[in-house]
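What follows is each chain in one-letter form.
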Amino acid sequence: MNQERAIWVVGDYRNYFQNRVTLQLLAKAGELAAKMDGTVCAVVMGHGVEEWVGEYQAHGAQRIYVMDHPLLSEYLPGLFARALESLARQRRPEIILIGATSFGKELAARAASRLGTGLTADCVDLYLDQEGRFVQVAPAYGGNLLAEIVFPRHRPQMATVRPGAFAEMPHDASARAEIIRLDPPAGLSGDGVRLVSCRRLGYQGEDLENAKVVICGGRGLGSRKKFKNLHELARLLGGEVGATRPVVHADWAEEERLVGQAGKHIKPRLLFSLGVSGAIQHTAGIADPEFTIAVNKNPLAVMMQKADVAIKADAHQVALALIRELKARGSS
Amino acid sequence: MRIVVFVKQVPAVSELPWDAKTGQLRREAAEGMMDPAAKRALEAALRLKDAHGAQVIVISMGPPSAEETLREAVAMGADRGFLLCDPRLAGADTLATSYTLARAVGALSPDFDLILLGCHSADSETGQVGPHLAEELGLPAAAYVEKMALKGRKLTVERVSDGWLETLEMDLPALLTVTARAFRPRPVPMTGLEQAFGQGEVFILSAADLRADPEHVGWAGSAGRIIKIYAPAAQKKGELIQGTPKACVRELMARFGDRLGGLLAKDLSGEEQA
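For clarity, every value in this text was computed on a predicted model and none was experimentally measured.

## Quick notes on the overall build of chain A
A count of helical and extended segments in chain A gives 10 helices and 16 strands. Its C-alpha atoms give chain A a radius of gyration of 22 Å, within 12% of the compact-globule value 20 Å for 332 residues. Seen along its three principal axes, the alpha-carbon backbone of chain A occupies a region of about 70 × 50 × 40 Å. Counting the 332 residues in chain A, one finds 58% classified as buried. Counting contacts in chain A only where the partners sit at least 6 residues apart, residues at least 24 apart contribute 65% of the total.

What follows is the structure, given as structure tokens:
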């Protein structure tokens, strides 16, 4: 039998209205599928998930595997990994893509282990090269590097992909997918973890993720006290404060303000980047701002190179001068 | 109770020198430190030790310099440290790493009750090793844990995942990864540090000591092959402003004030406002 080449996108629908990464992956999977004569499949696991089946159909899925069952009513990675594993063993997809949310990363790692296959974390791009290899572009080595990775032998090829890396397709209510309803594997149970309670938290940085103006501070600001001035600057500019990993580690800012690969993914129109060197873990969380102003004593810092306006000066001093200037201009 | 903590030595700086010719990271050029999240995993283990009594062993895979990190862990209160150090283990992706770590657990502490790791290391941030290892060992597991309580053999944890606060329960043995914002680590006592470097119990093991299948460790056991590695191009040709902070801000406003005002939807002209 001629092996079908399927690209699967695993539906992560828990925070549907904030988290569009599943839709973004369906769009990218469509591009890849067109080049490899493949099929774009969505996988929806859970209980009472019909709404998402409709959404994925309207956003580019050509086929949807639906496992809708009370056994899957708890949104637990250990449980979903088992269901996904059994489905993948039966249907043998070529590629499995999962959004790099906290849930998606945990689910993907567990499913990859169960399938004995490789998994690339936090991809920022995916493409097929001239030899038809599936190339995953991901931050590497914790430095300022990107690596292009292929899986010569292991199948399926799995990747988690950073939210915001691709654009979703417009909603098409007339699109029709082949819908395949399946029971969960016989005797499905999780890994022994029991969900006692869960509730949606309040501010978790959604404002930061959706902010049009972001003021990001790095270690170059000098101290926790100096970092605090950014809140004043943010107030004057009508923006939100973001932070780099070293700043969060030094407790100058809360973890919710971490911008980067393992933190918030921001997409501001205007970005102020103060005292930030621009390690890729940080820049991977920033989707093309229209205008970037960087301040750093080191003009060669990556962030300075990426900026529209690079100000070579002490970041803290410039923040203070900017606050004064904005106040003087009546932006209070 | 037996607790295994996996720690990792990471570079103490965020920008690492790398060799443009080979595409290799010059790890030797950077000072190392204990990964912040791993240090918090260790602290979580030590708190269980303080409260319930436990034997805490610490395992790290890495270059010879990672021995320092293990000695630091012993100084903080761990009972013993093991460094998995072997050229054959180098170049491992998360799949090969978790296989190796699972072999180490089997060889060093097969009757463990709890395994703790940092949820993602500061230098690679994949967050994959903990969940992979849970599957390798067939354990109930939770990532991103911020609180835990132990009652008998029942472990109750709190974690935040994608903006949801979850309370989860599981029976030991189990595996947890903890975030870098919980379990603020205790200071390393200087006397403990001196002792740990003088006589602390740190042992070095090879792949053969773990009876690991050479086909499943290091580069050989990794699924991924890097075909290209590069520093992402700085795409923009920006304007450079320099001078005193005040002069810089004045120049910024003079040249780009309109643009900023447009982006902010605010009048920054400084003229009288209604």
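## Observations regarding unusual backbone geometry
The peptide bond linking Arg155(A) to Pro156(A) adopts the cis configuration, its omega dihedral lying at -5 degrees. The amide bond that connects Leu172(B) to the next residue, Pro173(B), takes the cis arrangement and shows omega of 0 degrees. Following the sequence through the fold, Pro173(B) ends up in the loop between β9 (164-171) and β10 (174-178). The backbone phi angle of Asp122(A) is positive, close to 60 degrees, even though this residue is not glycine. Within the secondary structure layout, Asp122(A) lies in strand β5 (residues 119-123).

## Here's the deal with the domain arrangement of chain B
Domain boundaries assigned for chain B yield domain 1 (2-216) and domain 2 (238-274). Taking only C-alpha atoms, the centre of domain 1 of chain B and the centre of domain 2 of chain B are 48 Å apart.

## Comments concerning the domain arrangement of chain A
Residue and element names in this part refer to chain A. For chain A, the domain assignment lists domain 1 (6-181) and domain 2 (206-328). Computed over C-alpha atoms only, the centres of domain 1 and domain 2 are separated by 32 Å. Counting from both sides, the interface comprises 11 residues of domain 1 and, opposite them, 10 residues of domain 2.

## Description of the packing of helix α6 (residues 224-237) of chain A against helix α10 (residues 315-328) of chain A
All names here are of chain A. It is the contact of α6 with α10, at a shortest axis distance of 10 Å, that shows an interaxial angle of 30 degrees. The angle between α6 and α10 places the two elements in the roughly parallel class. Regarding α6 and α10, the two cross each other, and that crossing is left-handed. Listed contacts from α10 to Lys226, Asn229, Leu230, Glu232, Leu233 and Leu236 of α6 are His316, Ala319, Leu320, Leu322, Ile323, Leu326 and Lys327. Here the contact of α6 with α10 is composed, by residue class, of eight nonpolar, two polar and three charged.

## Focus on the sheet that holds strand β6 (residues 125-128) of chain A
Read from one edge to the other, the open sheet built from four strands follows the order β6(A)-β7(A)-β8(A)-β12(B), with strand pairing classed as antiparallel. Each of the sheet's edge strands pairs with one partner strand only, and the pair in question is β6 of chain A together with β12 (225-230) of chain B. For this sheet the average axis-to-axis angle between neighbouring strands, irrespective of direction, equals 25 degrees. Direction of pairing for strand β7 (residues 134-140) of chain A relative to strand β8 (residues 145-150) of chain A: antiparallel, over a ladder of five bridges. Pairing of Ala140(A) across the sheet is with Leu145(A), part of β8(A).

## Concerning the interface of chain A and chain B
Contacts between the two partners involve 83 residues from chain A and, on the opposite side, 75 residues from chain B. Of all the elements, helix α4 (residues 102-115) of chain A adds the most residues to the side of chain A that touches chain B, at nine residues. Grouping the amino acids of the side of chain A that touches chain B by side-chain chemistry returns 38 nonpolar, 24 polar and 21 charged. With four bridges joining them, strand β16 (residues 309-312) of chain A and strand β13 (residues 239-242) of chain B adopt parallel strand pairing. Counted as the bridge partner of Lys312(A) is Gln242(B) from β13(B).

## A closer look at helix α2 (residues 50-58) of chain A
Residue and element names in this part refer to chain A. Those residues of α2 that sit buried are Trp52, Val53, Glu55, Tyr56 and Gln57. In this structure, the buried side of α2 is in contact with α1 (21-36), β2 (39-46), β3 (63-68) and β10 (178-181). One or two steps after α2, the chain reaches Gly60, where phi turns positive at roughly 115 degrees.

## Overview of the pairing of β2(A)
Residue and element names in this part refer to chain A. The element β2 is extensively covered by neighbouring structure, given that seven of its eight residues are classed as buried. In this structure, strand β1 (residues 6-10) lies alongside β2, joined through five bridges in parallel fashion. Looking across to β2, one finds that Trp8 is bridged to Cys41. Once the chain exits β1 it traverses α1 before rejoining the sheet at β2, and the crossover so formed is right-handed. Note: β2 against β3, six bridges, orientation parallel. Paired with Val43 across the strands is Tyr65, a residue of β3.

What counts and how
- Residues numbered from 1 in each chain as written.
- Chains lettered and ligands numbered in written order.
- Predicted model: local features only at pLDDT ≥ 70, side-chain atom pairs only at ≥ 80, totals over all residues.
- Helix = DSSP H or I, 4+ residues; strand = E, 2+ residues; numbered from the N terminus.
- Rg over C-alpha atoms; globule rule 2.2 N^0.38 Å.
- Buried ≥ 20, exposed ≤ 12 C-beta atoms within 10 Å, placed from the backbone.
- Contact = placed C-beta atoms within 7 Å.
- Domains from an automatic or database assignment.
- Axes fitted to C-alpha atoms, helices over the stretch in contact; angles between N-to-C directions.
- Parallel < 35°, antiparallel > 145°, perpendicular 65-115°, else oblique.
- Left-handed = near helix turned anticlockwise from the far one by under 90°.
- Nonpolar A, V, L, I, M, F, W, Y, C, P; charged D, E, K, R; others polar.
- Pairing = 2+ DSSP bridges.
- Right-handed = clockwise from strand over helix to strand, strands pointing away.

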